[in-house]
Amino acid sequence: MRDVFTLSLIASTIRLATPLILAALGGLFSERSGVINIALEGKMLAGAFTAAAVTYAADTRLHMGNASPWVGLLAAIAASTFIAAIYAIACIKFKADQVVSGAAINILMIGIPGFLSGAFFLSSGSTPQLPKDHLLPQSPVVIAIVILLIVGLIWYVVYHTPFGLRLRSVGEKPEAADAAGVSVNRVRYAGVLLAGVLAGIGGAYLSIGQSSLFTRNMTAGRGFIALAALIFGKWRPVQTMLACLLFGFTEAISIQMQGAVKLPSGEDIPVQFIQMVPYVLTIVVLAGFIGSSRPPKALGIPYQKEK
Amino acid sequence: MTNLLRQLLFPLIAVVAAFIVGGILILLVGDNPIVAYRLLIGSALSWPDGIGYTLFHATPLIFTGLAVLVGFRCGLFNIGAEGQLYIAAFATAWVGITFANLSPWLLVPMCCAAAILGGAVWGAIPGVLKARFGSHEVINTIMLNFIAVALVSYFTQYHYKVPGDPIMETSFIGYGAHIARLGKFIPGLPQRIPLNLAFLLALLACLLVYLFLWRTKWGYEIRSTGSNPSAAEYGGISIGKQIVLAMAVSGALAGMVGINDVMGYRYRYYDGFSDNYGFTGIAVALLGRNHPVGVILAALLFAVLQHGGIYVDGFSEHVTKDIVQVLQGIIILFVAAEAFFKWFLGRNALTKSARAN
């Protein structure tokens, strides 16, 4: 009995951590290139809504059957990347304040899904239910393998390819990168758009993997938890994945316990305190109490080429 | 005067542009934008309901707009108004419940102080973290928002809920903590409309923030820190102190939302009461060009939209109240990318002059 409980907790941790890992790794590309990404939440919402809406359309109108979630996934990537492109143009071309634009994207994306689902599905912010067999794979083993592959790939790209080197140098010392012939803005566009791709997949997994419809504001702050995990993981791929697993674990516990966690001594820990853990840890790490977490040096500063 | 007009011009362009983009979206989903916009804006102009509710909705937005403004003027981005107002509102209710039997002469000031202090303390935390450890206030205020929501939800659920009440709310505060609704003084304004004295407090706060920032030494030092930190430091201003002070003042202003909601409207703390006031405050401050007068105007605009959203939901075929969030997001995006308009207008001017040649 005890073993079953532990296994189900692990499985649920993996399931819950998956969207976080994808979004956080997306944020990693953006932030490592020097562009702050508080808009992960908005991009995940864009992905989640588009995935559910398009999967539904592909399933009911085009009768695509098992292929429909994959069509939904591609559409989610496209939608989230489109949002990322708006953000990138505002921040990189027009040098808009990155935090303000990010906040704008987040507010916009609370509204857009509700607006569209009101119009298309005559609902108050959710999409119709999808059939259970027309969703993305949910087996924890499959997901774990895919996630490990993605993390490995990203680790390789960031640390062992010319693109990764450019990405890191643009985020740390854009002047030096520029002097060495790297187009700072082009690398930043790539970073922000990749964030869109990954956050879109993360969002899609929420609506057509973990559940079978989109509901109003369904990310419920996961974009911010992903951001927290990125900081807690010190802007490094493997550590960020581990941070996401830790935060997924706290979520799994608070769901599994339905209210309060019993300590061995018999006392209760209210679920609210477990929900706080990721946020408190992030503040503590950012302040340098447990090791130090140093952001890329040029983070948040638009690059102005010297004339 | 021309300067004032120029200040007003750009926000106006941003709002008009946002309404045009929103109108296109409304057309795309198959409704008539003029009808939708008439519902959205027209409903706010009726007396007494439209105007009363619009001013009531504007009250928290003036407070949070001012809060974000004070942060911006010090070079800080306070995304944490949402968390600060939750802590403050709960603190207000806590004092109102704990000392329920005191006379209004004592209890009203005590509850107001609780709102202001609660917000100030929660706001000062990211200030201290930034001043002491250099950690970014944007991240910390985001994190503190979630912590605040969880914390007050815990206290509400475990300690201050009326047993058996299925809703997450505290018991009522004492009568001594109630502040009057404006309907009491204004003929024709029924007292069921929750517009209350906190609205006047919000206007007063605008004046005080103006005097504080532009007429006191502290305000001068905060603005110097915001406009040029290294020059300020060279001039003998302690940057760390200004950061903590600005964040505490910012939090205190956000906290005053608690006065409006707990003492003037619900007479209890209601979990999740804030309709994104803290985040809308960002839009209010930006659109109001970080000036108290601008904040009042921008808060009124967003209050009109918020009130009208309900009518859009009820009376239009496809458009929902989500259009309000959409417009808000587009407005902020346009305000943020001011350079976009300069580029756009500049390009048109260029092509025109090219044609003239």
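Model, not experiment: these values are computed from the prediction. (Residues numbered from 1 in each chain as written. Chains lettered and ligands numbered in written order. Predicted model: local features only at pLDDT ≥ 70, side-chain atom pairs only at ≥ 80, totals over all residues.)

Next up on the list: the overall build of chain A. Helix and strand counts for chain A stand at 11 helices and 2 strands. Taking 19 Å as the expected radius of gyration for a compact globule of 307 residues, we find that chain A reaches 20 Å, a close match to that expectation. Here chain A, with 307 residues, has 56% of them falling under the buried criterion. In chain A, once contacts between residues fewer than 6 apart in sequence are set aside, the share between residues at least 24 apart is 77%. (Helix = DSSP H or I, 4+ residues; strand = E, 2+ residues; numbered from the N terminus. Rg over C-alpha atoms; globule rule 2.2 N^0.38 Å. Buried ≥ 20, exposed ≤ 12 C-beta atoms within 10 Å, placed from the backbone. Contact = placed C-beta atoms within 7 Å.)

Let us look at the overall build of chain B. The number of helices and strands found in chain B is 15 helices and 0 strands. Taking 2.2 N^0.38 as the reference for a compact globule, 357 residues should give roughly 21 Å; the C-alpha atoms of chain B span a radius of gyration of 22 Å, in line with that estimate. Considered along the principal axes of its C-alpha atoms, chain B spans approximately 80 × 60 × 35 Å. Looking at chain B as a whole, 54% of its 357 residues are labelled buried. Considering only contacts within chain B whose residues lie at least 6 apart along the sequence, 76% involve residues at least 24 apart.

Listed as interface residues are 39 residues of chain B and, on the opposing side, 38 residues of chain A. Mapped by element, the contributors of at least two residues to the side of chain B that touches chain A are α5 (104-133), α6 (137-160), α12 (277-287), α14 (322-336) and α15 (338-356) of chain B. In terms of residue count, α6(B) provides more of the side of chain B that touches chain A than any other element does, 12 residues in total. Here the residues of the side of chain B that touches chain A sort into 29 nonpolar, 9 polar and 1 charged. (Nonpolar A, V, L, I, M, F, W, Y, C, P; charged D, E, K, R; others polar.)

Attention shifts here to the environment of A:G27. Within the secondary structure, A:G27 is located in helix α1 (residues 2-32). In contact with A:G27, not counting residues within four places along its chain, are A:N37, A:L40, A:A195, A:A226, A:L227 and A:L230.

Peptide bonds are, in most cases, trans, and in most cases residues other than glycine have a negative phi. With an omega of 0 degrees, the peptide bond running from B:W47 to B:P48 counts as cis. Among the secondary structure elements, B:P48 is positioned in the loop between α2 (33-42) and α3 (49-73). For A:H63, which is not glycine, the phi dihedral falls at a positive 50 degrees. Relative to the helices and strands, A:H63 resides in the loop between α2 (40-60) and α3 (68-93). A:H63 sits in the exposed class, given 9 other C-beta atoms within 10 Å. Residues other than glycine seldom take positive phi values, yet B:N276 does so here, at roughly 55 degrees. With respect to the helices and strands, B:N276 occurs in the loop between α11 (257-266) and α12. Overall, B:N276 belongs to the partly exposed group, with 16 C-beta atoms counted inside 10 Å.

Let us now look at helix α10 (residues 237-257) of chain A. Taking 1.5 Å per residue, 21 residues should reach 30 Å; α10(A) reaches 30 Å between its end C-alpha atoms and fits that length. Those residues of α10(A) not exposed but buried are A:P237, A:T240, A:M241, A:A243, A:C244, A:L245, A:F247, A:G248, A:F249, A:E251, A:A252 and A:S254. (Expected span 1.5 Å × (residues − 1).)

Per-residue confidence for chain A gives a mean pLDDT of 88; residues scoring 70 or more make up 93%. Within chain A, no element has a lower average pLDDT than strand β1 (residues 260-262) of chain A, which sits at 59, and none a higher one than helix α8 (residues 184-210) of chain A, at 95. (pLDDT = per-residue confidence, 0-100.)

Let us now look at the environment of B:Y311. Residues and elements named next belong to chain B. As for its placement among the helices and strands, Y311 is situated in helix α13 (residues 292-315). Placed 270 residues apart in sequence, Y311 and I41 show a C-alpha to C-alpha distance of 9.5 Å. With near-sequence residues (within four places) excluded, Y311 lies in contact with L39 and S43.

Before going further, it helps to examine the packing of helix α9 (residues 222-232) of chain A against helix α11 (residues 271-286) of chain A. Residues and elements named next belong to chain A. Viewed as axis vectors pointing N to C, α9 and α11 meet at an angle of 35 degrees, and their least axial separation amounts to 9 Å. Between α9 and α11 lies a crossing whose hand is left-handed. Contacts between α9 and α11 pair I225, A228, I231 and F232 from the former with P278, Y279, L281, T282, V285 and L286 from the latter. Taken together, the residues of the contact of α9 with α11 break down into 9 nonpolar, 1 polar and no charged. (Axes fitted to C-alpha atoms, helices over the stretch in contact; angles between N-to-C directions. Left-handed = near helix turned anticlockwise from the far one by under 90°.)

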